[in-house]
Amino acid sequence: MLSGTSLLFGDDGVELDSGATAWMLTSTALVLLMIPGLAMFYGGLVRTKNVLGTMMHSFTAMGIMSVLWVICGYSMCFGGNVLGGWFGWNPEYVFLSGIDTSIMEGGVPEYVFSMFQGKFAIITPALIAGAFAERINFKSYCVFIALWGLLVYNPLCHWVWAEDGFLFNLGSNGAIDFAGGTVVHISAGVSGLVAALYLGARRGYPSDDMAPSNLVMTMIGAGLLWVGWFGFNAGSSITSGLSTAQALTATQAAAAAGALSWMIIEGLHQGKATALGLVSGILAGLVAITPAAGVVQPMGAMVLGLAASAVCYLAIILKNKWGYDDTLDAFGIHGVGGIVGALLLTFFIRDSWMEEAAAMAEGGTWTVLQQLGVQTVAVFIAIAYAALLTLVLLWILNKTMGLRASPQNEMRGLDNAYHGERGYGMLNPN
Amino acid sequence: MLSGTSLLFGDDGVELDSGATAWMLTSTALVLLMIPGLAMFYGGLVRTKNVLGTMMHSFTAMGIMSVLWVICGYSMCFGGNVLGGWFGWNPEYVFLSGIDTSIMEGGVPEYVFSMFQGKFAIITPALIAGAFAERINFKSYCVFIALWGLLVYNPLCHWVWAEDGFLFNLGSNGAIDFAGGTVVHISAGVSGLVAALYLGARRGYPSDDMAPSNLVMTMIGAGLLWVGWFGFNAGSSITSGLSTAQALTATQAAAAAGALSWMIIEGLHQGKATALGLVSGILAGLVAITPAAGVVQPMGAMVLGLAASAVCYLAIILKNKWGYDDTLDAFGIHGVGGIVGALLLTFFIRDSWMEEAAAMAEGGTWTVLQQLGVQTVAVFIAIAYAALLTLVLLWILNKTMGLRASPQNEMRGLDNAYHGERGYGMLNPN
Amino acid sequence: MLSGTSLLFGDDGVELDSGATAWMLTSTALVLLMIPGLAMFYGGLVRTKNVLGTMMHSFTAMGIMSVLWVICGYSMCFGGNVLGGWFGWNPEYVFLSGIDTSIMEGGVPEYVFSMFQGKFAIITPALIAGAFAERINFKSYCVFIALWGLLVYNPLCHWVWAEDGFLFNLGSNGAIDFAGGTVVHISAGVSGLVAALYLGARRGYPSDDMAPSNLVMTMIGAGLLWVGWFGFNAGSSITSGLSTAQALTATQAAAAAGALSWMIIEGLHQGKATALGLVSGILAGLVAITPAAGVVQPMGAMVLGLAASAVCYLAIILKNKWGYDDTLDAFGIHGVGGIVGALLLTFFIRDSWMEEAAAMAEGGTWTVLQQLGVQTVAVFIAIAYAALLTLVLLWILNKTMGLRASPQNEMRGLDNAYHGERGYGMLNPN
Amino acid sequence: MKLITAIIRESQLDQVREALIEANITRITVSRVSGHGQQIREEIYRGRRVVPNLTPKIRLEIAVNDDFVDTTCQAIIDAAKTSQGTLGDGKIFITQLEECIRIRTEERGGKAI
Amino acid sequence: MKLITAIIRESQLDQVREALIEANITRITVSRVSGHGQQIREEIYRGRRVVPNLTPKIRLEIAVNDDFVDTTCQAIIDAAKTSQGTLGDGKIFITQLEECIRIRTEERGGKAI
Amino acid sequence: MKLITAIIRESQLDQVREALIEANITRITVSRVSGHGQQIREEIYRGRRVVPNLTPKIRLEIAVNDDFVDTTCQAIIDAAKTSQGTLGDGKIFITQLEECIRIRTEERGGKAI
Ligand SMILES: Nc1ncnc2c1ncn2[C@@H]1O[C@H](COP(=O)(O)OP(=O)(O)O)[C@@H](O)[C@H]1O
Ligand SMILES: Nc1ncnc2c1ncn2[C@@H]1O[C@H](COP(=O)(O)OP(=O)(O)O)[C@@H](O)[C@H]1O
Ligand SMILES: Nc1ncnc2c1ncn2[C@@H]1O[C@H](COP(=O)(O)OP(=O)(O)O)[C@@H](O)[C@H]1O
C-alpha cells in the first residue's frame, strides 16, 4: 500500500506533475460516473418493462468498450497513421503494454490519459443506444457497439485528436473539438438517427403514448451527467491549470444557460416548464459547449447554451412532425446540439487562440470565416462517415443476426425477454 | 485537446499550483453534486404527487443562480465595497470577463474560485425550498430565488467572505465562518422559517399525515450530500494542504458523531432508530461543522456534531408542538444546526488560531468570550438581515404574482399542476 | 475561508505535495461514495420490506465505525506493535490529537491518510452485512460491527499495512495486498459466511423465492461502486503519480473484464445475460484486482477479472447446491473474489517488483512460487483469524442480546420492525 | 350491503376523501390503477402533448350498508367531477355484497362494515 | 351488466389490449397484482432459475353489458393464452354488476358502461 | 362459487399466506392498497409518531367453491389477527362469483377455480 512515490520521472525523463495527474485521475472517475448517469437518464425515460434492458445498453458498453480499448482501441486512436491515416496503430499500445512507466509531456502518466480517453469510447456508443431503445435485440446490440467502436469511433477519434490526424491539422490551427463535439456527440447522434430510421419505429408509435417510467431517476441522472461533464470537458485540457479552469467555467455557464432557456421556451410554448425539459436543456447546453469549452469565454458559453436549447427544442418538434422514432432523442439532443456547438463556437473564440492561429497560418492572418469553414468541413466529415459506416454495419448485422426484437419480445419488454428479470420488484407485493 | 500547459503563471505573475487547482476543481464538482443530492433528499420526503416539483426547486436553482452568478453575482460578492459596503462591485467581474487568465494568491485560477463560490449561491436558495415545499407556485419560486440571491445571499456573502466585508473584519481575526454557517445555513434556515410562516401550513397539516414518498432516495441523497460536503468544507480552504486536511477530518468526525447521536437519542426517545433520523443526524452534524471546519480539531468536531443532533432533535419536537409547517425542516436542521455550530465552535478553536488572533488584537490578547461575542454578533446580523429582507420579498411577490398554489393545485400536486408530468410512471402499468 | 496556504511544511519538515494531497482528498471522497453505493447495491437486492433496514446496515457503519476510528481505530491500526503485535497503539493517535499538522513522507498530510484509511474500516463491516441481510436484529448488528471492527479489522489491518505488521514483513517484500484483498474482502467475506451459517437461513429459504425489490437501484449502486473503487485502489498508492496510474488502469481493466466474462458465462449457461450478472461480474473483477492493483499490468488485470468472474459464478452455483443462505453473496463475491485475486496475482507481478523483492531477499533471488507461498499464508491467516473471532463474537452476542430477528419481525420486515418506516411510500396512494 | 367501486382521477383523490369524510363515510380502501376510456390530452413530453394510452387513475372500494349507497355515490360524484364534467372523470360500479367480516372481532354483516 | 375481472401475465398485456380494442372493448381498468397459482420457473437470479412465490400479474376490470360478455372473454382468452396454454396464463372471474354510473354525466345503467 | 376479498395488514401477509397454504388454498391474487379505517399510530417521522391518513394494506382476492368459504375465512382471520385483535386488522368481503374461466384450458365453473 505504501509504495512507489519515488517514481517522479518517466522513462523519457519527463517530470511528473502530481497536481495535473490528480485532476486527470479525478476526471477519469468523473467521466466514468457519466455512464451510470446516462443509464439513469435513459432508463427513466423508457417504459417500465424496458428499464433494465436500456440501462444494460450503457453498462454493457462499460464492459465491451473498455476491454476493446485496452486490447487495441488506444492503439487505433493514438498510434501513428496507418492505411493512409484511416486510423492509427502502435504495437506498444496493444494491451497498453508499452506505456507502463511513460509520462506525457504535461507531466501526466500516459496510463491516465489512456484511461481518460477510454471513457469517451464507452460513452459514445452508449449514447447511440437512446435512438433505438425499447426495440433492439440485446446480442446484436453488443456486436454492433463493438464493431461501431472499432470502425467508426476509433478512426474519428484518430482524425480529430491524434497529432497526425488529418482533422487535427486542418486549416491553420486545426478543427476545434475540445472535448468531443464531433467525435462523441455528432457521431453518436447521427449514427443514432440512421439506426432509428433503419430499425423503424416502436410498435404503437406514435399513436400510443409511451410515458417515462421514472422521471425522478432521469433528473438524478442528469445531475450526475452535469457533474461528470466537468471531468469530460475540464479534463480534456489534460492538465490542471488555467485552460482547465476556463473549460470548467464555460461548461457551467453553458449548462445553466441551456437549462434556463429550455425552461423559458417551453414555458412560453406549452404554458408549463417540465422537469424533462429542464434536464434536456442542461444536456443541450453541455453538448454544445463540449467542442467549445477550450476556446470560448463565459458569455460566449451562455450564448451557446441558449442557442443549443432553442435549436434542439425545434429539432424535437420537427421530429414529432416527421414521425420518425428517435426514442430518446439521441439525434435531437446530441447530434443537433453537437452541430450547433461545433459551428457556433467560431464566433466566440478567445482572441489569444485566433492570434495563435493567425501566427501559424500562411500569410499570418486567420479569420472567423476561415475557421467556420474548417469547422464545417469537420462536422460534415463526421456526419458523412458516421452515417455511412453505421448504415453498412446495420445492414450486415440485420442480414446475419437480425437487429430488431421480435414483436412478441417487444411487447413483453426487453427486461423479461433478454435478461429474465424485472427492474422494480417492489411494485408487486413480495 | 492537448493544449495550454504552458500557462503556468497568471497575468499578475503568480505561479500556478496545479495540486491546489486540482483539488479546487474537484471541490467544485463535489459541491455541484450536492444539488442533485439535495433534490433527492428533499424529493424523497414529500408526497408522490410533489416529487418532481420539489426536485425542480433544486434543479431550477442550478439554472437561475448560475446564470445570475456569471452575470453579476460574483461581482456583488467579491467586488470592492459599494453603497457603504452593502455589497461589492467590480465591473471586471461582470460576465467574469476580466479574470480569464488571473491566478489567485494561492496558485488557483480565479475562475475556479469563482465557480466554486457560485455553487454556494445555488445551494443556499435550494435549501430554503424545503421550508415551503408542497405548496408554492413554481413561477413565483423562480422569481423569489432570483431576488433572494441578489438581495440576501450576495450581500451576506460579501460581508462575511470578501476581504473588505465588515463581518470578515469584525473583532480581532474576523467572525469565523469557514464554509458558510451564517452565509449558507443560517440565512437559508431563517429565510425558510419566515417563508413557512408567511405562506401558512399545507392543506391538512398537521392532522393528516404526509408520509415520505421515497425514504430510500432520501438516504441516497444524504449519502451524496456527505460526499459533496467534503468539497464544500475542505474546498473552502482554497488550497490542497494541511488546512484542507484539517477541514476534511473535522467534517467526517462531525457528520459521523451527528449520525450516531441522533440514532441514540431517537432510540432512547422513541424506541426505534429511524433511517430518516440517522440521515437527519448526518445533516445536522455537517451543518454544524460548516462554519467550524477550519478551526476545530477532531474531538471538538465530534462534540459539535453531537450537540447539533441533540439541539436539532429538540427543535423539531418544538416545531411539532408549535404546529407551524416547516415542511422539510429547513430551519430545524439548517437554521438551528448552523447557529449551534457558529456559536459552539468558539470553545474548540485550535490554539494556533487563538494565538494569531491575539497577535492581531489590540493589547495582544484575545479570549474565547470575546470571540463568542463576535460570533454572536455575526449570527444575529445574519438572522435579522435574512428574516427582514425575505419578509419584504415575500410580501411584494405575494401582492404581485401570488405565492401560494391554489387549493386545487395543492391537491392535484405540483407535478401535475406546474409541470404536467408524473414522477413515477412505473407505478402504473404501461 | 481564505487561509492557511502558508502551511507548506509539516512539523517534521516534510514538504507538502499539493498534487498528491489533492488526489488523496479526492480518493477519500470517492471511497466514502462507495458506502451509499453499497447501500444501493444491497438495498436493491432485498425484499421491499427490508430495504431501509439493509441500507441502514451501511449507513450505520458510517456513524459507528467513523467515530471509533477517530477515537482509537487509527491508533490500533497504525500505532506501533503492542501485545506482541496483536495490534498497534500510539497515544498520539487517540482522537487523532497528535497529527494535527503532521505531513507524511510522500507529502500528504497524515490526517488525509487517516481519513482515507478510516473509510476502509467503514466499508468492511458494511460488506459483511450482505451475508445475514433480512434477518438480523438491528441493535445486535450495531454492537457486532463495533466489536468486529475493534477485534478483527483493526488487528488485520495492522498486520498487513502497518510498517511493523508481521504480514507486511512476511517473505522478502511482504505479502502483497495493495488495497485490501485480505484486510477488506477476504475478512468480510469469511466473516459473512460464518455469520450466515451461524444465524441460519431466512424463513422460507430456499423454497420461496425472494425476488430483488429494485434491480435498477442495484445497478446504479454498482456504477457508484466502480467509480468509488478508483479511489479505493488508485488512492491506495498514497500519492498521485505513476503507481497511482498503474493501479487505476488495472482497476478499470479488471472490472471491465469481469463484467464481460460474467455476461458471457451466464449467457452460455442460462441463455440470458442478466443485469444482476453483469454487475456481479463488475464486483468480482473489482474485488479480485484490489490486492493486485499495484503489481499487475493491464493484461494480468484482465485475466484476474475473468478468473474472478468464473470462480465466483461457480461458487454461487455451489452455494445454491449446498443450500446455505449467504443472502447477498458476501462470501461468494467478496470472499471468493478476494482469494482468487490474492493468490492469482502472483503470476502477473510486474518484473520490477520481483527484482526489488529479489534484491531484498536473502540469497538475492525470489521466485513466483515463493511469493505464492507468502500470499497463501496471508490468505490463510486472514481466513482463520476472521472466522474464529467472528464466531466468538456471534456466540457471545447471541447469548446476551440475541442476534436474530424474531420470526414475527422477519415476516413484518426490518423496516417496520426496527425502524418504524417504509422505504417506498409512493407505492401506496398518498 | 353493497360494494361500491369508483374509478376517479388521481388529482381528485383528496377532494373525494374530504367529501366522503364530510358525508361520514370514513372507511375506504384505495388503490392505484390505470384506465383507458374516452379521455385524451394529459401530459407533456419534450414539448409535445401526448395521450397516455393508459391513464393513471385511483380506484376506491367502499363497502356500505344499503341505505348509505346513495349518499356515498353522490359525495363521490360531486367531488370527482371536474368543471361540470369532463371526459375522464370516471365511473362508479355497484355490486351486491353477501357478507362482511371484521377480522379483529369476527363480527359479521352490517355491523362489521 | 357484468363485471369481468381477468388476471393475466404481464407480458400479455399489450396483446390483450390490442385484442380488446379490435373487439371494440375500449374501456378498461388495469392494475398490478401478484398471484400465486400453479405456475413455476420464471426468472433468473445469479445463475439460478427461481420460482417467485408471488408472480407479478396484471388484473383487468371491464364492466360490460350482458351481450358483450362472451366477446370480451373470448378476446381475452385468445390473446392471453401462450402457446396452446401454459401454466400461469391466468383466470377470468365474472360477477353481477348491479349499477354503473358515469361520473361526468351522472348517467346510470347500461348506457353508462 | 364465491369471491373472497380480504384487506389485511402488510405485516401479516406472510403469516396469512402460510396459513392459507396449510388450509390447502394455494391460488390467490394479492395487491397493494391503502386503507382508511379506525386504525391510528403507525410510523415515526423525525421523532413524532404520526397517523398516516391512508395506511398501506394488502388486498387478497380468492375465488373459491362454496364449501371452501368458511375454511378460507377462518384461516385468514386466525393469521391476520394481531394479539387478540387490534384496530386495523382488516376486513373480509364476500361476493357471489357467477363464472370462473381458466384461460389456459378454457375450463369453466367450479373446476376452473
Ligand atoms: N366499462 C368500463 N370498465 C372498466 N373501467 C372503466 C369502464 N369505463 C370507464 N372505466 C374507467 O373509468 C375511467 C374514466 O373513463 P372515461 O371513459 O375516460 O370517462 P367518461 O366516461 O367520463 O368519458 C377509465 O380510465 C377507466 O379506468
Ligand atoms: N382461485 C383463485 N383465486 C384468485 N386468484 C387466482 C385463482 N386462481 C388463479 N388465480 C390467479 O391467476 C394466476 C394464474 O393462475 P395459475 O394457477 O398459475 O394458472 P393456471 O390456472 O393456468 O394453472 C395466479 O397467479 C393468480 O393470480
Ligand atoms: N367499509 C369498508 N369499505 C372498504 N374498506 C374498508 C371498510 N372498512 C374497513 N376497510 C379496510 O380495512 C382496513 C382496516 O380497517 P379498520 O377500520 O382499521 O379495522 P377495524 O375494523 O379492525 O377497526 C382499512 O384500512 C380499510 O382498508
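Going by the structure above, here's the rest.
Residues numbered from 1 in each chain as written. Chains lettered and ligands numbered in written order. Predicted model: local features only at pLDDT ≥ 70, side-chain atom pairs only at ≥ 80, totals over all residues. Heavy atoms only, no water.

**Structural notes on the overall build of chain A**
Note the cut-off: By the criteria applied, helices consist of DSSP H or I runs no shorter than four residues and strands consist of E runs no shorter than two, each listed in order from the N terminus. This radius of gyration counts C-alpha atoms alone. The globule rule is 2.2 Å times how many residues there are, raised to the power 0.38. Under the scheme applied here, a residue whose accessible area is under 20% of the maximum for its type counts as buried, over 50% as exposed, and between as partly exposed, the area being computed with a 1.4 Å probe on protein chains only. Any two residues having at least one pair of non-hydrogen atoms within 4.5 Å are treated as being in contact. Computed by Shrake-Rupley with a 1.4 Å probe, the accessible areas treat only the displayed protein chains as cover when residues are assessed. Lys and Arg are tallied as positive, Asp and Glu as negative. Neither His nor the chain termini are counted. Charge positions are represented by NZ for Lys, CZ for Arg, CG for Asp and CD for Glu.
Within chain A, the secondary structure is distributed over 14 helices and two strands. Relative to the compact-globule value of 22 Å for 430 residues, chain A shows a C-alpha radius of gyration of 21 Å, a close match. In terms of overall dimensions, chain A has a C-alpha envelope of 60 × 50 × 45 Å along the principal axes. Counting across all 430 residues of chain A, residues that qualify as buried make up 73%. If you take every contact in chain A between residues at least 6 apart in sequence, the share linking residues at least 24 apart comes to 77%. Counting only carbon and sulfur atoms, one obtains 65% of the accessible surface of chain A, whose full area is about 11,100 Å². A distance of 24 Å separates the average location of the 15 positive side-chain charges in chain A from that of its 25 negative side-chain charges.

**A look at the interface of chain B and chain E**
Our working rule: Accessible area that two parts lose when put together, evaluated with a 1.4 Å probe and summed over both, is termed the buried area. A pair is scored as a salt bridge if a Lys or Arg side-chain nitrogen falls within 4 Å of a carboxyl oxygen belonging to Asp or Glu. Under this definition, polar contacts are N or O atom pairs within 3.5 Å; protein pairs additionally need one hydrogen-donor-capable and one acceptor-capable atom, and for neighbouring residues in sequence, both atoms have to be side-chain atoms.
If you look at the interface, chain B gives four residues, while chain E gives five residues. On the chain B side of the contact with chain E, Met426, Pro429 and Asn430 of chain B bury the most area, a combined 92% of that side's loss. Here chain B is connected to chain E by zero salt bridges. Here chain B is connected to chain E by two residue pairs in polar contact (both at pLDDT 80 or more).

**Let's talk about the site of ligand 3**
What counts, and what does not: Throughout, near means a residue has at least one heavy atom within 4 Å of the molecule or strand. Under the scheme applied here, ten amino acids are nonpolar (Ala, Val, Leu, Ile, Met, Phe, Trp, Tyr, Cys and Pro), four are charged (Asp, Glu, Lys and Arg), and all others, including Gly, are polar.
The environment of ligand 3 is formed by 22 residues, the closest being Thr29, Arg102 and Arg104 of chain D together with Gln38 and Lys91 of chain F. Proximal residues around ligand 3 fall on chains D and F, making this an inter-chain site. One nitrogen or oxygen atom from the main chain of alanine 63 of chain D is found 2.9 Å from a nitrogen atom belonging to ligand 3. With respect to ligand 3, the side chain of arginine 102 of chain D contributes an N or O atom lying 2.8 Å from an oxygen atom. Calculation on ligand 3 without its partners gives an accessible area of 550 Å², and the protein chains cover 100% of this total. Of all the elements in the fold, those that place two or more residues in the shell around ligand 3 are β2 (28-36) and β5 (55-64) of chain D together with β2 (28-36) and β6 (91-96) of chain F. The dominant element in the shell around ligand 3, judged by the number of residues it contributes, is β5 of chain D, at three residues. Broken down by class, the residue content of the shell around ligand 3 amounts to seven nonpolar, eight polar and seven charged.

**Things to note about the site of ligand 1**
Among the 22 residues in the neighbourhood of ligand 1, the closest are listed as Gln38 and Lys91 of chain D together with Thr29, Arg102 and Arg104 of chain E. Near ligand 1, the surrounding residues belong to chains D and E. Within the side chain of lysine 91 of chain D, a nitrogen or oxygen atom sits 2.7 Å from a nitrogen atom of ligand 1. Arginine 102 of chain E is positioned with one of its side-chain polar atoms (N or O) 2.8 Å from an oxygen atom of ligand 1. Bound to the protein, ligand 1 loses 99% of the 550 Å² it would expose on its own. Where the shell around ligand 1 is concerned, the elements lending two or more residues are β2 and β6 (91-96) of chain D together with β2 (28-36) and β5 (55-64) of chain E. Broken down by element, the shell around ligand 1 gets its largest block of residues, three residues, from β5 of chain E. A per-class count over the shell around ligand 1 returns seven nonpolar, eight polar and seven charged.

**Let's talk about helix α5 (residues 181-199) of chain C**
All names here are of chain C. To be explicit about the condition: Helix span, as expected, comes to 1.5 Å for every residue beyond the first. The angle between axes fitted to the seven residues ending at a residue and the seven residues starting there is what we call the bend at that residue.
In a regular helix each residue adds 1.5 Å, so 19 residues correspond to 27 Å; α5 covers 25 Å between its end C-alpha atoms and thus fits that length. The largest bend along α5 measures about 25° and falls at serine 187. Burial within α5 is extensive, with 17 of its 19 residues counted as buried. Phi turns positive, to about 85°, at glycine 200, one or two residues after α5.

**Re the side chain of serine 18 of chain C**
By the element assignment, serine 18 of chain C lies in helix α1 (residues 18-45). Judged by relative accessible area, serine 18 of chain C falls into the buried class, the value being 12%. Separated by 2.6 Å, the side chains of serine 18 of chain C and aspartate 17 of chain B make a polar contact. Every residue in contact with serine 18 of chain C, bar those within four places of it in the chain, is listed here: Asp17, Gly19, Ala20 and Ser240 of chain B.

**A short note on the relation of the copies chain A and chain C**
This is how the line gets drawn: The copies were overlaid with a least-squares fit restricted to C-alpha atoms from residues scoring a pLDDT of at least 70 in each copy.
The two copies are related by a screw operation: chain A maps onto chain C through 120° of rotation and 0.0 Å of translation along the axis, at an RMSD of 0.0 Å. The transformation relating the two chain copies, once decomposed into turn and shift, fits a three-fold axis. Closest approach to the rotation axis within chain A is made by the C-alpha atom of glycine 19 of chain A, at a distance of 2.1 Å. Each copy contacts the other with its own distinct surface, as only 10% of the interface residues of chain A are interface residues in chain C too.

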